[in-house]
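Notes for the structure review
Now for the letters of each chain:
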Amino acid sequence: MADLAREIKTVGVVGAGTMGRGIARVAAEAGFQVLLVDVTQELVDRALQANDRELQRMVEKGKLSAEERAAVMARFKGTTDVAEMAACDFVIEAIFEDLAVKKDLFRRLDEICRPGVVLASNTSALSITEIAVATRRPQLVAGMHFFNPAPVMKLVEVVRGLTTADETVDLVRDMAARFGKEPVIVKESPGFVVNRILVPMMNEAIWLLQEGVASAEDIDKAMKLGANHPIGPLALADLVGLDVLLAVVETLHRELGEDKYRPAPLLRQMVRAGRLGRKSGAGFYQYA
Ligand code: 3HC
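No experiment lies behind these values; they were computed from the predicted model shown.

1. Things to note about the site of the ligand
The environment of the ligand is made up of 17 residues, and the closest members are Lys-61, Lys-63, Ser-124, His-145 and Asn-148. One nitrogen or oxygen atom from the side chain of Lys-61 is found 2.7 Å from an oxygen atom belonging to the ligand. One of the side-chain nitrogen or oxygen atoms of Ser-124 is found 2.7 Å away from an oxygen atom of the ligand. In isolation the ligand has 1000 Å² of accessible area, and contact with the protein removes 64% of it. Sorting the residues of the shell around the ligand by element identifies helix H7 (194-210) and helix H9 (233-240) as the ones contributing at least two each. Of the residues assigned to the shell around the ligand, the class counts are 9 nonpolar, 4 polar and 4 charged.

Written out as structure tokens, the structure is:
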């Protein structure tokens, strides 16, 4: 039986990129104190400012009062010192998709955080078990996979690695519910459920574009009007980030060993060109 910290007041989020800041916002809106850490003050400040702007827009739309916005913002604290995670009762990692870097981070978090604190990873496709065994608390490590944009998307995949204790899965599921999300529990497998299905679709759309079968606009229009998707697969790839998408396709290809998961060469080229989608200002489309 895992001995875990169940009383959670402060949530730590490591990584202030698109997902990290979105998750931090979700946690603060749910009433938790949130400590957001990244490697530079600029990254942390940018994330807090972006969250403040989004909350301000909600005030303008009448979805939040000015007092609620101030209260949510007051629950955020940013830092560049990962050692401050010692104050957290639950930690969610949302850094980039590099297994070696994630393992290093979990090793550090394991040294920093109190015994019993659950360490969750927002990885899109990597092995929770491999991340877990980098720590001395592998039973307290699980996946907690949010979807972009985190404040809007209702799903959280709760991922059970080979070493994850039942109590850890229960706690992560409860936390997802306290965040106002709908959890589903999945066993560790490359891409879990959503990315195993969604990511090959985006990759296939890029193959179609590369083959000249249709324009980017028409590929997206086809999937919006022909399959009722809210946005087309290329616009979605831009939203997810082409670097993230490539990392997930590569994980599916490597781990499942099947040619059907081979990344479209155009996807690699786009990443090499620094056209990463919305976050870089250009991907399959241009952004202001
Ligand atoms: N952050 C916060 N809120 C956002 C947002 C963002 N980035 N983008 C949109 N929103 C909010 C808007 O403010 C708006 O709120 P309101 O209803 O209170 O006014 C609401 O979402 C709807 O936005 P819009 O009217 O501007 O635009 P849409 O109706 O097109 O909705 C969308 C935007 C919700 C992103 C919709 O296009 C959509 O559902 N797209 C598909 C998203 C998806 O599939 N995500 C999963 C990606 S896979 C993934 O994340 C896994 C990873 O591991 C790779």
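2. Focus on the layout of surface pockets
Its volume calculated, the second largest pocket comes out at about 160 Å³. In terms of lining residues, the second largest pocket is bounded by Arg-25, Val-26, Glu-29, Ala-30, Pro-151, Val-152, Lys-154, Phe-179, Gly-180 and Lys-181. Looking at the lining of the second largest pocket, its residues break down into 5 nonpolar, 1 polar and 4 charged.

3. Considering the pairing of strand E8 (residues 182-187)
In this structure, strand E7 (residues 155-160) lies alongside E8, joined through 6 bridges in parallel fashion. Its bridge partner being in E8, Glu-157 is matched across the sheet by Val-184. The parallel pair E7 and E8 is bridged by helix H6 (residues 166-178), and the resulting crossover is right-handed.

4. Here we look at the sheet that holds strand E4 (residues 90-93)
The strands making up a sheet associate through backbone hydrogen bonding, with each pair oriented either parallel or antiparallel. In space, the 8 strands of this open sheet follow the order E3-E2-E1-E4-E5-E6-E7-E8, with mixed pairing throughout. The open sheet has two edge strands, strand E3 (76-79) and E8, and neither has a second partner. Across the sheet, the axes of successive neighbouring strands diverge by a mean angle of 25 degrees, strand direction being ignored. Of the strand pairs in this sheet, strand E1 (residues 10-14) and strand E2 (residues 33-37) are connected by 5 bridges, and their pairing is parallel. Residue pairing for E2: Gly-12 is matched across the bridge by Leu-35. Docked against the sheet, helix H1 (residues 18-29) engages E1, E2, E3 and E4, running at close to 165 degrees with respect to E2. Across the sheet, helix H2 (residues 41-60) is in contact with E2 and E3; its angle to E3 comes to roughly 160 degrees.

5. Focus on the packing of aromatic side chains
For any pair of aromatic rings, the description rests on two quantities: the centre-to-centre distance and the angle between the ring planes. Enumeration according to the criterion identifies 2 aromatic pairs in this entry. Consider the rings of Phe-32 and Phe-179, whose centres lie 5.6 Å apart with planes at 80 degrees: the pair is edge-to-face. Placement of the pair is Phe-32 in the loop between H1 and E2 and Phe-179 in the loop between H6 and E8, with a sequence separation of 147 residues. The pair Phe-32 / Phe-179 is uniform in exposure class, with both members buried. A network of ring pairs unites the aromatic residues Phe-32, Phe-146 and Phe-179 as a single cluster.

6. Quick notes on unusual backbone geometry
Note the cis peptide between Asn-148 and Pro-149, where omega equals 0 degrees. Tracing the backbone shows Pro-149 in the loop between strand E6 (141-145) and E7. Look at Phe-192: it is not a glycine, yet its phi comes out positive at around 55 degrees. Summarising the element assignment, Phe-192 is placed in the loop between E8 and H7. By relative accessible area, Phe-192 is classed as buried at 4%. A positive phi is found at Asn-228, a non-glycine position, where the angle reads about 60 degrees. Locating Asn-228 in the fold gives a position in the loop between helix H8 (216-227) and H9. On the accessibility criterion, Asn-228 (69% relative accessible area) is exposed.

The rules behind these values
- In this convention, every chain numbers its residues from 1, walking through the sequence in written order.
- Per-residue local features are limited, in this predicted model, to residues with pLDDT of at least 70; the limit for side-chain atom pairs, both in listing and counting, is 80 or more; totals at the level of whole chains, interfaces and linings are taken over all residues.
- Note that the side-chain values use all heavy atoms of the structure and ignore hydrogens as well as water.
- Whether a residue is near a molecule or strand is decided by its heavy atoms; if any one of them lies within 4 Å of it, the residue is near.
- We call two N or O atoms a polar contact when they sit within 3.5 Å, provided that within protein one can donate a hydrogen and the other can accept it, with sequence-adjacent residues counted only if both atoms are side-chain atoms.
- Each accessible area is a Shrake-Rupley result for a 1.4 Å probe, and residues are judged covered by the shown protein chains and nothing else.
- A run of H or I in DSSP counts as a helix once it spans at least four residues, and a run of E counts as a strand once it spans at least two, with each numbered from the N terminus.
- Residue type decides the class: Asp, Glu, Lys and Arg count as charged, Ala, Val, Leu, Ile, Met, Phe, Trp, Tyr, Cys and Pro as nonpolar, and the leftover types, Gly among them, as polar.
- Grid points spaced at 1 Å and placed over the protein atoms alone form the basis of the search, with a cavity being a set where a 1.4 Å probe fits but cannot get out and a pocket an open set showing protein on both sides within 12 Å along at least five of seven lines. Lining residues have an atom within 4 Å of a point.
- Grid points are joined across faces, edges and corners, and a volume is the space filled by probe spheres set on the points.
- When DSSP finds at least two bridges between two strands, those strands are taken to pair.
- Orient the strands so they point away from the viewer, and a crossover whose first-strand-to-second-strand path over the helix runs clockwise is right-handed.
- Throughout, an axis means a line fitted to C-alpha atoms (over the contacting stretch in the case of helices), and angles, computed between N-to-C directions, take values from 0 to 180 degrees.
- Residue contacts are counted whenever heavy atoms from the two residues lie within 4.5 Å of one another.
- Planes of paired rings set the category: under 30 degrees apart is stacked, over 60 is edge-to-face and the rest tilted, where pairs are Phe, Tyr or Trp rings (Trp by its six-membered ring) whose centres lie within 6.5 Å.
- A 1.4 Å probe rolled over the protein chains alone gives each residue an accessible area, and that area as a share of the maximum for its type sets the label: buried under 20%, exposed over 50%, partly exposed in between.

Fair warning: the whole summary comes from geometry, so function is off the table for now.
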